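# Fold and contact review
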Amino acid sequence: MDFSVKKLASGAGLFLTRAVQFTEEKLGQAEKTELDAKFENLISRADCTKHWTEKIYRQTEVLLQPNPIDHTGARIEEFLFEKLDWKVPSRVTNAELLGQYMQDAAKEFDLGMPYGNTLEKVGECEKRLGEAEKEFLQTSAISFLTPLRNFLEGDWRTISKERRLLENLRLDLDACKTRVKKAKVAEAKAACEGETAPDFQETRPRNYVLSASASALWTEEVEKAEHELRIAQTEFDRQAEVTRLLLEGISSTHVNHLRCLHEFVEAQAAYYKQCHLHMQELQKELGRLPNAFALNSTNAIATPSMVTEGSSSPVETDTLKIEEVQPPATGTRKARVLYDYDAADSSELSLLADELITVYTVPGMDSDWLIGEKGNHKGKVPVTYLELLS
């Protein structure tokens with residue numbers, strides 16, 4: 001019990017000494033030991049690394065989970081599973097859920113009808129997009145988010161702890177310097193003015209028995225203060241070296257985060273490429289399905305009263321051979337191909353991404369298609385695969 005009281009009193013006295021030293025430094029009444037420029041640069045670089053790593057980590061979380069309110073419960077569950085070292089259960093993504101709803105609706109609307117059939121196709125594609133998203137989230141969490149979080153929760157906490165310890169030792173060192181300075185001034189004053197009772201409150205809040213001359217007591221006080229200064233300097237130098245080594249490790253952290261950033265980019269590129277391929281396949285499948293909406297719209301416009309003798313109906317236009325179609329005198333345009341397209345039959349034209357072709361329309365043709373020409377080849381091309389140029 002007596003030991004605990006002494007330890008508590010010693011800790012309180014040390015805290016008070018540091019508080020006094022810190023306050024006097026802020027008021028400009030005490031000198032402060034300055035770190036060398038290289039050390040200060042290391043500290044500044046570490047602070048900058050922590051600041052931006054934290055912002056990048058938080059925003060990447062927002063990117064991967066764009067609705068934090070909706071995911072609050074999921075994040076708490078993930079945190080508990082992680083702490084218990086259990087495997088986090090796989091969750092259904094929004095795209096997968098949408099795809100499931102579409103497929104359920106397709107069954108209700110009859111798969112044999114155009115709308116039901118289309119819902120089934122789109123639902124399958126949405127599910128594939130959801131699976132790709134899930135794989136991207138898992139890869140990004142492992143290769144990018146986890147290393148950033150490990151730095152913030154591990155390395156940075158260690159650096160912060162050692163920096164706080166270094167700052168405390170610096171305060172102790174400067175307090176010792178102040179004590180030595182005051183003791184030497186008092187010693188010189190006592191030697192000049194003769195025997196006077198020393199006021200130790202200026203240098204050390206302790207009680208002494210005045211058993212010798214004031215000058216001798218001040219000399220003893222100077223020796224004790226210088227001894228404590230040497231100890232404080234040694235501890236400060238040792239801690240400064242430990243902190244310096246940790247701060248220099250920030251360079252290795254940058255190299256590690258650079259590797260993780262490359263892996264994140266690769267995962268993101270693979271994810272978007274996979275999504276693009278899924279959407280291309282969906283467009284091709286939808287292009288081969290009968291477009292009941294376009295057909296109904298065409299039939300509504302081409303009423304019996306508007307069909308005159310010698311005019312061609314939409315059905316007759318569909319049966320028209322592509323090689324017999326002639327380009328109009330005006331109305332042709334250039335178009336750039338956005339994606340590769342494989343012709344489904346002889347009436348269509350195969351396309352390669354980024355090539356330029358000539359396109360035009362013919363009366364009664366489905367609005368989702370154009371007639372395209374490149375070289376001596378001619379055929380129908382889907383509008384969604386083209387970028388029309390002026």
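The rules behind each value
- Residues numbered from 1 in each chain as written.
- Predicted model: local features only at pLDDT ≥ 70, side-chain atom pairs only at ≥ 80, totals over all residues.
- Heavy atoms only, no water.
- Helix = DSSP H or I, 4+ residues; strand = E, 2+ residues; numbered from the N terminus.
- Expected span 1.5 Å × (residues − 1).
- Buried < 20%, exposed > 50% of the residue type's maximum accessible area, 1.4 Å probe, protein only.
- Arc of directions from axis to C-beta.
- pLDDT = per-residue confidence, 0-100.
- Contact = heavy atoms within 4.5 Å.
- Pairing = 2+ DSSP bridges.
- Patch = residues over 30% accessible without salt bridge, like charges linked within 9 Å, V, L, I, M, F, W, Y side chains within 5 Å.
- Areas by Shrake-Rupley, 256 points an atom, 1.4 Å probe, with all protein chains shown as cover.
- Salt bridge = Lys/Arg side-chain N within 4 Å of Asp/Glu carboxyl O.
- Phe/Tyr/Trp six-rings, centres within 6.5 Å; stacked < 30°, edge-to-face > 60°.
- Lys NZ or Arg CZ within 6 Å of the ring centre and 35° of its normal.

On to helix α4 (residues 94–109). Here α4 contains 16 residues, and its C-alpha end-to-end distance of 22 Å stays within 8% of the 22 Å for a straight helix at 1.5 Å per residue. Within α4, burial applies to Ala-95, Glu-96, Gly-99, Met-102, Gln-103 and Ala-106. Angular distribution of buried residues about the axis of α4 spans 120°; they occupy a single face of the element. Along α4, the residues that are exposed and aim more than 90 degrees away from the buried face are Asn-94, Tyr-101 and Glu-108. A positive phi of about 80° marks Asp-110, the residue just after α4.

Moving on: the confidence of the model for the chain. The predicted model of the chain has a mean per-residue pLDDT of 78, with 70% of residues at 70 or higher. When mean pLDDT is taken per element in the chain, helix α7 (residues 250–288) scores highest with 93 and helix α9 (residues 314–318) scores lowest with 41. A low-confidence stretch, residues 68–72 stays under pLDDT 50, and its non-local contacts, those more than four residues away or across chains, total two contacts. Note that residues 205–212 has pLDDT below 50 and, in this model, 12 contacts with residues that lie over four places away or in other chains.

Attention shifts here to the pairing of strand β1 (residues 333–337). Relative to strand β2 (residues 356–360), β1 runs antiparallel, the two being bridged by four bridges. When the sheet's bridge partners are listed, Ala-335 is paired in β2 with Ile-357. As paired strands, β1 and strand β5 (residues 386–388) are joined by three bridges and run antiparallel to one another. Directly across from Arg-336, in β5, lies its bridge partner Glu-387.

Quick look at a nonpolar patch on the surface now. The grouping of Val-92, Leu-97 and Tyr-101 at the surface amounts to a nonpolar patch, some 310 Å² of accessible area in total. Among the secondary structure elements, Leu-97 is positioned in helix α4.

Moving on to the packing of aromatic side chains. The final tally for this structure, using the stated rule, is eight aromatic pairs. Note on Phe-136 and Phe-264: the rings are 6.2 Å apart at their centroids and 35° apart in plane angle, and the pair reads as tilted. On the criterion of sequence distance, the pair formed by Phe-136 in helix α5 (residues 114–193) and Phe-264 in helix α7 is long-range, its members being 128 residues apart. Take Phe-136 and Phe-264: they sit in the same class, and that class is buried. By the ring-pair criterion, three or more aromatic residues cluster together here, those being Phe-136, Phe-144, Phe-264, Tyr-271 and Tyr-272. Against the face of Trp-369 rests Lys-380, its NZ or CZ located 5.2 Å from the ring centre.

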